[in-house]
Amino acid sequence: MTAAEAMEIVDLDNTHWSPAVGEAYARRARTTVLVGVSSQALPPESAHVLSALTLTLAPDGPGRFWVAPEPDDLDLIRETVTRAPGASRALASLLPLTAQLDVADALVAESLAYSMLLAGPDFRSWRAATPRREVPTGDDPVLFSREGDVLTLALNRPGRHNAFGRAVRDRLIEGLQVALLDESITQVELRGIGPSFCSGGDLDEFGTAPDVVAAHQVRLEQSAGLHVHRIRERVVARVHGACIGAGLEFSAFAARVEAREGAWFMLPELSLGLVPGAGGTVSVTRRIGRYRTAYMALTGRRIDLDTALAWGLVDAGV
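Residues numbered from 1 in each chain as written. Predicted model: local features only at pLDDT ≥ 70, side-chain atom pairs only at ≥ 80, totals over all residues. Heavy atoms only, no water.

Participant: Just to check I follow, could you spell out the overall build of the chain for this structure?
Facilitator: Of regular secondary structure, the chain possesses 14 helices and 13 strands. Against the globule reference of 20 Å for 318 residues, the chain gives a C-alpha radius of gyration of 19 Å, in line with a compact fold. When its C-alpha atoms are laid out on the principal axes, the chain stretches across 60 × 40 × 35 Å. Looking at the chain as a whole, 52% of its 318 residues qualify as buried. Looking at the chain alone, contacts between residues at least 24 apart form 71% of all its contacts between residues at least 6 apart. As displayed, the chain has an accessible area near 13500 Å², and 53% of this comes from carbon and sulfur atoms. Positive and negative charge centroids in the chain, built from 31 and 39 side chains respectively, lie 3 Å apart. (Helix = DSSP H or I, 4+ residues; strand = E, 2+ residues; numbered from the N terminus. Rg over C-alpha atoms; globule rule 2.2 N^0.38 Å. Buried < 20%, exposed > 50% of the residue type's maximum accessible area, 1.4 Å probe, protein only. Contact = heavy atoms within 4.5 Å. Areas by Shrake-Rupley, 256 points an atom, 1.4 Å probe, with all protein chains shown as cover. Lys, Arg positive; Asp, Glu negative; His and termini not counted. Charge placed at Lys NZ, Arg CZ, Asp CG, Glu CD.)

Following this line, the structure appears as structure tokens:
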């Protein structure tokens, strides 16, 4: 599969807004990354065509179908699709699905796609080129503390920017289960110790599951995102520094996300030949829509706090 087969640029300066055009793009979008590009603001009647695309780069337009582009966005998207055509196509077909399903079913769909890609050439190529290091053990990976009716769960791997490895994930889930069972806890605060809230999945653990079927089962049974979702109205995520990949994905399930000045956000999984696998195609899409989620994933850009606030990825700066 080549990048040319995986991606198509749609010239929206010369597109008719008829229903037939939208229907044709919707059929192609199931297997192709469709990037709409316009040099001018798009009219309201373009919405049904834009809704069929993977994302749209335009200075303005209806709803949340578009993103005002940086000058090199299209180049970044091309680079991503060239490096990981299979994962890019999987993302394009997955996002419309997870946007429609309920949370639990959408997480199943995401996990199936992620597990499939673990066995694919895009991920194998990244893994072969990325040596593994030893994963350290030591202090409690997540610290629990309770003051009154508030339970605080603090990620505690500061030397690794709170990389979301198995030990961190499992310990976080233990804390979330405590809150699920104890209704006297009226608020759960998620925090990170050190310079970052969470730098994403621990890359040294990627691809270590015995097989992709086992990886799928573990992802379903040990989903931090689903555990946050189950008590979401009681959860406040207070993030700072880097909030990357899994760190963004599970925290976005919280009813409220607050971020300190200087926080930034990123979905880098396509650069590894994968799609977001910690719930991001579910949680992030519910906050900013699937088109901006696709933009984050396909460009790999860092999203600053001002943009995160404008999009609704973050509820407040602190």
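Participant: I keep staring at the environment of Arg160 and nothing clicks. Help me out?
Facilitator: Mapped onto the fold, Arg160 is located in the loop between β6 (150-155) and α8 (166-181). A polar side-chain atom of Arg160 sits 2.8 Å from a polar atom in the side chain of Asp202. (Polar contact = N/O pair within 3.5 Å; in protein donor to acceptor, adjacent residues only side chain to side chain.)

Participant: Would you explain the side chain of His216 in this entry?
Facilitator: Residue position: His216 is located in helix α9 (residues 212-221). Those residues in contact with His216 that lie beyond four places of it in its chain are Val108, Ser111, Leu112 and Ser115.

Participant: Explanation requested: the sheet that holds strand β12 (residues 303-304) in the structure shown.
Facilitator: Sheets are built from strands that pair by backbone hydrogen bonding, the pairs being arranged parallel or antiparallel. In space, the three strands of this open sheet follow the order β9-β11-β12, with mixed pairing throughout. Whereas interior strands pair on both sides, the edge strands pair on one side only; in this sheet they are β9 (242-244) and β12. In the sheet, β9 pairs with strand β11 (residues 264-266) via three bridges, with the strands oriented parallel. What sits directly across from Ala242, in β11, is Trp264. (Pairing = 2+ DSSP bridges.)

Participant: For this particular structure, what's the right way to read the side chain of Glu269?
Facilitator: By the element assignment, Glu269 lies in the loop between β11 and α12 (280-288). No salt bridge forms around the buried Glu269; measuring N to O, its nearest opposite-charge neighbour Arg219 is 9.7 Å away. Apart from residues no more than four positions distant in its own chain, Glu269 is found in contact with Gly245, Ala246, Glu249, Leu274, Val275, Pro276 and Gly277. (Salt bridge = Lys/Arg side-chain N within 4 Å of Asp/Glu carboxyl O.)

Participant: What is the right way to look at the sheet that holds strand β1 (residues 7-11) in this model?
Facilitator: Here four strands make up an open sheet; going across it, the order is β1-β2-β3-β4 and the pairing parallel. The open sheet has two edge strands, β1 and β4 (66-67), and neither has a second partner. Pairing between strand β3 (residues 55-57) and β4: two bridges, direction parallel. Paired with Leu57 across the two strands is Val67, which belongs to β4.

Participant: Sorry if this is basic, but what is going on with the pairing of strand β7 (residues 187-192) here?
Facilitator: Remark: a regular strand shows side chains that alternate across the two faces of the sheet. Two elements, β6 and β7, share six bridges in a ladder whose sense is parallel. If you follow Ala154 over to β7, its bridge partner there is Arg191. In this view, the connection linking β6 to its parallel neighbour β7 by way of α8 has right-handed handedness. Two strands pair when backbone bridges link them, and β7 and strand β8 (residues 235-239) are joined in this way by three bridges, in the parallel orientation. What sits directly across from Glu189, in β8, is Val236. (Right-handed = clockwise from strand over helix to strand, strands pointing away.)

Participant: Help me understand the packing of helix α5 (residues 85-100) against helix α6 (residues 103-118) in this model?
Facilitator: Between two packed helices, both the angle of their axes relative to each other and the distance between the axes serve to describe the pair. It is at 10 Å that the axes of α5 and α6 come closest, and there the two elements cross at 170°. In terms of their interaxial angle, α5 and α6 are classed as roughly antiparallel. In this structure, α5 uses Gly86, Ala87, Ala90, Leu94, Leu97 and Thr98 to contact α6, whose residues at the interface are Ala106, Ala109, Glu110, Ala113, Met116 and Leu117. Within the contact of α5 with α6, the residues separate by chemical class into nine nonpolar, two polar and one charged. (Axes fitted to C-alpha atoms, helices over the stretch in contact; angles between N-to-C directions. Parallel < 35°, antiparallel > 145°, perpendicular 65-115°, else oblique. Nonpolar A, V, L, I, M, F, W, Y, C, P; charged D, E, K, R; others polar.)

Participant: Whenever I open this one, the packing of aromatic side chains confuses me. Can you help?
Facilitator: The description of an aromatic ring pair uses the distance of the two centres, along with the angle that the planes make with each other. The tally for this structure, following the rule as stated, stands at six aromatic pairs. Here Phe164 and Phe250 contribute two aromatic rings whose centre-to-centre distance is 4.8 Å and whose plane-to-plane angle is 25°, an arrangement assigned as stacked. One end of the pair, Phe164, is in the loop between β6 and α8; the other, Phe250, is in helix α11 (residues 246-251), with 86 residues separating them in the sequence. This pair shows no difference in class: Phe164 is buried, exactly as Phe250 is. Ring pairs connect the aromatic residues Phe123, Trp126 and Phe206, which therefore count as one cluster. Over the face of the ring belonging to Trp66 we find Arg292, whose NZ or CZ atom lies 5.9 Å from the ring centre. When the ring centre of Trp264 is taken as reference, the NZ or CZ atom of Arg302 above it lies at 3.7 Å. (Phe/Tyr/Trp six-rings, centres within 6.5 Å; stacked < 30°, edge-to-face > 60°. Lys NZ or Arg CZ within 6 Å of the ring centre and 35° of its normal.)

Participant: It is not clear to me how the pattern of salt bridges should be interpreted in this structure. Could you clarify?
Facilitator: Opposite charge on two side chains allows them to pair when their charged atoms are near. Going through the model one piece at a time under the given rule, you end up with 17 salt bridges. Here Asp73 ties to Arg301 by a salt bridge, and the two come within 2.6 Å at their closest N and O atoms. Taken as a pair, Asp73 in helix α4 (residues 73-83) and Arg301 in the loop between α13 (290-299) and β12 lie far apart in primary sequence, 228 residues in all. Glu174 serves as the salt-bridge partner of Arg171, at 2.8 Å between the closest nitrogen and oxygen.

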